[in-house]
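Coordinates in review
One-letter residues, chain by chain:
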Amino acid sequence: MFKVTKFFKVKKSSFLTLFISAAAIAAVLFLVLPAWTEGVDAERKSSRKAVIVVMDRLSLKDISPEHTPNLNRMIKEGALGLMNTKTAGIRDTANTYATIGAGKLLLSDDAAAFSFNTKSVIENIPISRQYEARIGKKAPAQGVVCMGLPGIKYSIENAGITGEPGLLGEQLHAHGLKTAVLGNADIMGEFHREAATIAMDRWGRVDFGDVSRSMIEWKPDSLSLYRTNYSSLLETFKKIYPAADLTVVETGDLYRIDLISDRALPEAVKKARAEAVKRADAFMGSLLKNINSENTLLLVVSPCPSKEDIKNCSLFTPIIMYGDIGGKGILTSGTTRRNGIVSNADVAPTLLNYFGVPVPAEMTGRPMEVLNTENALETLSEVNRSHVFVYTARPVLVKGYVVLQIIVMLLIMAILLLNPGLLYITRPLLLWLMAVPLGLLLIPLFKFLPLPLYALGAALIAFIVVSAAYLCWKKEDVNLFMFIGLATALAVLMDVLAGSPLMTFSTLGFDAMSGARYYGLGNEYMGVLLGASIIGTASLWEKYRGVPPLRIKIFTALFFFLSLLLTGHPKFGSNVGGTIAVAAGYLFTFLFLMDVRIGFRQIAAVAGAVAASVALLAFIDVSGSVEAQSHLGRAVSMVMEGGWPAAWDIIYRKVNMNLKLIRFTIWSRVFLALLGALAVAFYRPVGLMNKVREKYPYIFKGLLGILVGSGFALLANDSGIVAAATSMIFGTAPLIYLVNRVYEDTKKS
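Residues numbered from 1 in each chain as written. Predicted model: local features only at pLDDT ≥ 70, side-chain atom pairs only at ≥ 80, totals over all residues. Heavy atoms only, no water.

A short note on the pairing of strand β15 (residues 329-333)
Within β15, five of the five residues are buried, which leaves the element mostly enclosed by the surrounding structure. With two bridges joining them, strand β2 (residues 79-84) and β15 adopt parallel strand pairing. Each residue of the ladder has a partner; that of L80, found in β15, is I330. Here β15 pairs with strand β17 (residues 368-372) via five bridges, running antiparallel. Residue pairing for β17: T332 is matched across the bridge by E369. (Buried < 20%, exposed > 50% of the residue type's maximum accessible area, 1.4 Å probe, protein only. Helix = DSSP H or I, 4+ residues; strand = E, 2+ residues; numbered from the N terminus. Pairing = 2+ DSSP bridges.)

Below, the structure is given as structure tokens:
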């Protein structure tokens, strides 16, 4: 017994010793290993390099296995994206380059072209001394300075926007990293050295580089007279590459040709472009041999579309990512959340993220990511064609729909004033106008149709919806509104839940090529959802008028809540102004339907609930990763970092945009036409609207809810007039329809 006990005591002691030793070793590893791996990762990031090769005016159609074998190889072994080229002003080289360098939509100035080597002397003026006189900072000894920096800053200030030109270079310099710029796009008598604005810091400084005319050669038999001397460019790159962390290389030739394309015949321009693309691709082949792709991120960027592409509404440009990227396929980013599409504002955050440098809140772009896929060039060529179609068709179809609404409303006003008995002829038109948004949402299922058939198809879908409703409920007007309203609202919600695949290619949806919105719920369909859901549920209450069953009240509450959630949630609708409008519209509508008397307490409660909804969504948004944050999360981050000036900038931009749209957009006209028709219907024929209110009390309350929601949409959105107009058709059309019904009943009695 003693032996057994002693045996167990010894074993227990040994076990405890081993356990304590193992725990100690584990603790040491736990404490030391992360620091060691972080050190290894930091060392790896410190050895990284990035190169941006600028091929301004390069088009996706310029790239092919036959004509650009090196670019094609980079796409197959790396990743390809379609880059949105929107800026805070027009699409031109100065603005697009500055936007890339700032990581947010920005303006620039023609003076951005005036960048020079520090050691240069221009017309007996030493650049380094003149730079110090203008900027008040010491010029880099071996670098490049942007002499046009004051002009850029004045342009931004005069436009009333905020933004820091050179923020990319500033962040890199703040973390001890060096920048370089090589090459130019000079033509006879003009400097074009805007590439420096991509690499410069906030004082217009680039550490290393050569943008002098030693980078180009005289070619009197070429279209542009000057062309890039790729031998000289490559030799200079070899010298600078080891010293610089970020190097921007301007190829220049395509930009030169595009600048003077109106001075030559199309055939000559086409030939010159083909030669320029061929030479640029050959340079890429040489460049690839002189970089270490294992620790170098290589980007080929075309900042601005060519004149021809802009004319043809092809506003995406190709962007290629190659080297140390951890995958191959197509690009995306948190900015767009669209496969294959990124923003020009994403370039700077991508580079900072690659170097392990924090992305400042002022940058609205997000780091690009690679989605593994095959046949990237073919896939994105098709995506580009689809977006060009939407961008081209959008003004035609939207303007057509809006003009038709205005004509119908003017006709209705004339009939109400002159001969109300003729109002019956507009009833089918009113229902059809309500159904058109559903037709425009569903027609992208047949997106390969030519434009005339596309328009006819959308009109036909709306006609089928109205015809089906008439066949089922010809004598039951309330059911017509309920069917069209709920069907439209449910279709919008299902599309948002699926990631907005239909809205993306609907001419009434958001337009990724314009760059106003890339995902979620756009203001056009936000207004449609607001109006359609309210009139649909109000009609449901009207159907069960008297004391609506409890299940109708529960359905309304749940339906409104689901619609609000999908409108505002960062993963779905991500529409902040829409959240405010929808929450206010729904809450007031529910109070109206429940016959709650509206007073100060109710208004205060609604205001508190709306504020709480936005605050909750903001909390959800900022709780996620920075890369996944929506517009709301980024705005909150900017305000938290920048304080009241950042908040004021956001408010100023949104109010300014809304006022601009109210003044110039055709949606203002249709909104006024809808309100005008509604106003006339309230007073002519005399007393008729009161009878409508008595006979259809819940639909009338639904109209009041739509009016409230439209008002909030107008105030809370940067394009609120659009949402207000699209929602109002669902209030005006049913009410005028019922005015005619009541008029006919009055005549019969």
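What about helix α20 (residues 576-593)?
Counted at 1.5 Å a residue, the expected span for α20 with its 18 residues is 26 Å, and the 26 Å between its end C-alpha atoms agrees. For α20, the N-terminal cap is N575; the gap from its side-chain oxygen to the backbone nitrogen of G577 is 3.5 Å. Where α20 ends, the next residue or the one after it, D595, has phi of about 60 degrees, a positive value. (Expected span 1.5 Å × (residues − 1). Polar contact = N/O pair within 3.5 Å; in protein donor to acceptor, adjacent residues only side chain to side chain.)

Examining the side chain of S710
Mapped onto the fold, S710 is located in helix α26 (residues 697-716). By relative accessible area, which is 2% here, S710 ends up buried. With residues up to four places along the chain from it excluded, the contact list for S710 reads L530, A724, S727 and M728. (Contact = heavy atoms within 4.5 Å.)

Focus on empty space enclosed by the protein
Space left empty within the atom packing is revealed by a probe, the size of a water molecule, rolled over the atoms. All chains considered together, the criterion is met by one cavity of 30 Å³ or more. Approximately 40 Å³ is the volume found for the largest cavity. When residues of the lining of the largest cavity are traced back to their parent elements, those giving at least two are α9 (253-259) and α10 (266-288). For the lining of the largest cavity, the element with the highest residue contribution is α9, accounting for three residues. Residues that form the lining of the largest cavity fall into these classes: six nonpolar, two polar and two charged. (1 Å grid on protein atoms, 1.4 Å probe; cavity = no way out; pocket = protein on both sides within 12 Å on 5 of 7 lines; lining within 4 Å. Points joined across faces, edges and corners; volume = space filled by probe spheres on them. Nonpolar A, V, L, I, M, F, W, Y, C, P; charged D, E, K, R; others polar.)

Thoughts on the layout of surface pockets
Each pocket or cavity is described by its volume, and for the second largest pocket that value is around 600 Å³. Taken together, 21 residues form the lining of the second largest pocket, with D62, V269, K270, R273 and E308 sitting closest to its centre. Broken down by secondary-structure element, the contributors of at least two residues to the lining of the second largest pocket are α10 and α11 (307-311). With eight residues, the single largest contributor to the lining of the second largest pocket is α10. Across the lining of the second largest pocket, the residue classes break down as six nonpolar, four polar and 11 charged.

Overview of a nonpolar patch on the surface
A contiguous nonpolar patch, built from M594, V596, I598 and I603 and spanning about 280 Å² of accessible area, is present on the exposed surface. For V596, the position within the fold is in the loop between α20 and α21 (600-623). For V596, a relative accessible area of 31% puts it in the partly exposed group. (Patch = residues over 30% accessible without salt bridge, like charges linked within 9 Å, V, L, I, M, F, W, Y side chains within 5 Å. Areas by Shrake-Rupley, 256 points an atom, 1.4 Å probe, with all protein chains shown as cover. Salt bridge = Lys/Arg side-chain N within 4 Å of Asp/Glu carboxyl O.)

So, the environment of V576
Locating V576 in the fold gives a position in helix α20. On the accessibility criterion, V576 (27% relative accessible area) is partly exposed. Separated by 41 residues in sequence, V576 and L617 place their C-alpha atoms 8.7 Å apart.

A few points about the side chain of E194
Here E194 shows up in the loop between β7 (179-182) and α7 (196-199). Although E194 is buried, it makes no salt bridge; R57 carries the closest opposite charge, 7.7 Å away. (Lys, Arg positive; Asp, Glu negative; His and termini not counted.)

A closer look at the packing of aromatic side chains
Taken as a whole and assessed by the stated rule, the structure comprises 14 aromatic pairs. Centre to centre, the rings of F555 and F559 are 5.5 Å apart; their planes meet at 10 degrees, and the pair counts as stacked. Of this pair, F555 and F559 both sit in helix α19 (residues 550-568), four residues apart, which is roughly one turn of that helix. Members of the aromatic cluster, joined through ring pairs, are F114, F116 and F191. Over the face of the ring belonging to Y241 we find K49, whose NZ or CZ atom lies 5.7 Å from the ring centre. (Phe/Tyr/Trp six-rings, centres within 6.5 Å; stacked < 30°, edge-to-face > 60°. Lys NZ or Arg CZ within 6 Å of the ring centre and 35° of its normal.)

Thoughts on the pattern of salt bridges
Tallied over the entire structure, the rule returns 23 salt bridges. In this structure, the salt-bridge partner of R385 is E382, at a minimum N-O distance of 2.9 Å. Here R385 and its partner E382 are both found in helix α13 (residues 376-418), three residues apart, which amounts to about one turn of the helix. Looking at R385, the relative accessible area reads 51%, which means it is exposed. Residue E382 is classed as partly exposed on the basis of its relative accessible area of 28%. Salt-bridge contacts for R741 lead to E744; the nearest nitrogen and oxygen are separated by 3.8 Å.

Digging into the pairing of strand β13 (residues 296-301)
Burial runs high along β13: six of the six residues are buried. Residues T296, L298 and V300 point to one face of β13 and L297, L299 and V301 to the other, with burial holding for every one of them. Here six bridges tie strand β1 (residues 49-54) to β13, and the two strands are oriented parallel to one another. Opposite V51, over in β13, you have L298 as the bridge partner. Examined bridge by bridge, β13 and strand β14 (residues 316-323) share five bridges and lie antiparallel to one another. Bridging from a neighbouring strand, L297 pairs with G323 of β14.

Some words on the packing of α26 against helix α27 (residues 720-748)
Interaxial distance between α26 and α27 falls to 8 Å at its minimum, and their mutual angle equals 165 degrees. Of the possible angle classes, the one that applies to α26 and α27 is roughly antiparallel. As for how α26 packs across α27, the hand of that crossing is left-handed. Contacts between α26 and α27 involve I699, F700, L703, I706, L707, S710, A713 and L714 on the former and, on the latter, G720, I721, A723, A724, S727, M728, F730, G731, T732, L735 and L738. (Axes fitted to C-alpha atoms, helices over the stretch in contact; angles between N-to-C directions. Parallel < 35°, antiparallel > 145°, perpendicular 65-115°, else oblique. Left-handed = near helix turned anticlockwise from the far one by under 90°.)

Focus: the packing of helix α14 (residues 427-442) against helix α16 (residues 477-497)
At a closest axis distance of 10 Å, the pairing of α14 and α16 adopts a crossing angle of 20 degrees. Looking at the two axes, α14 sits roughly parallel to α16. Considering the relative orientation of α14 and α16, their crossing is left-handed. On α16, the residues that touch L431, M434, A435, L438 and L441 of α14 are L480, F481, I484, A487, T488, A491, V492 and D495. Among the residues forming the contact of α14 with α16, the class breakdown is 11 nonpolar, one polar and one charged.

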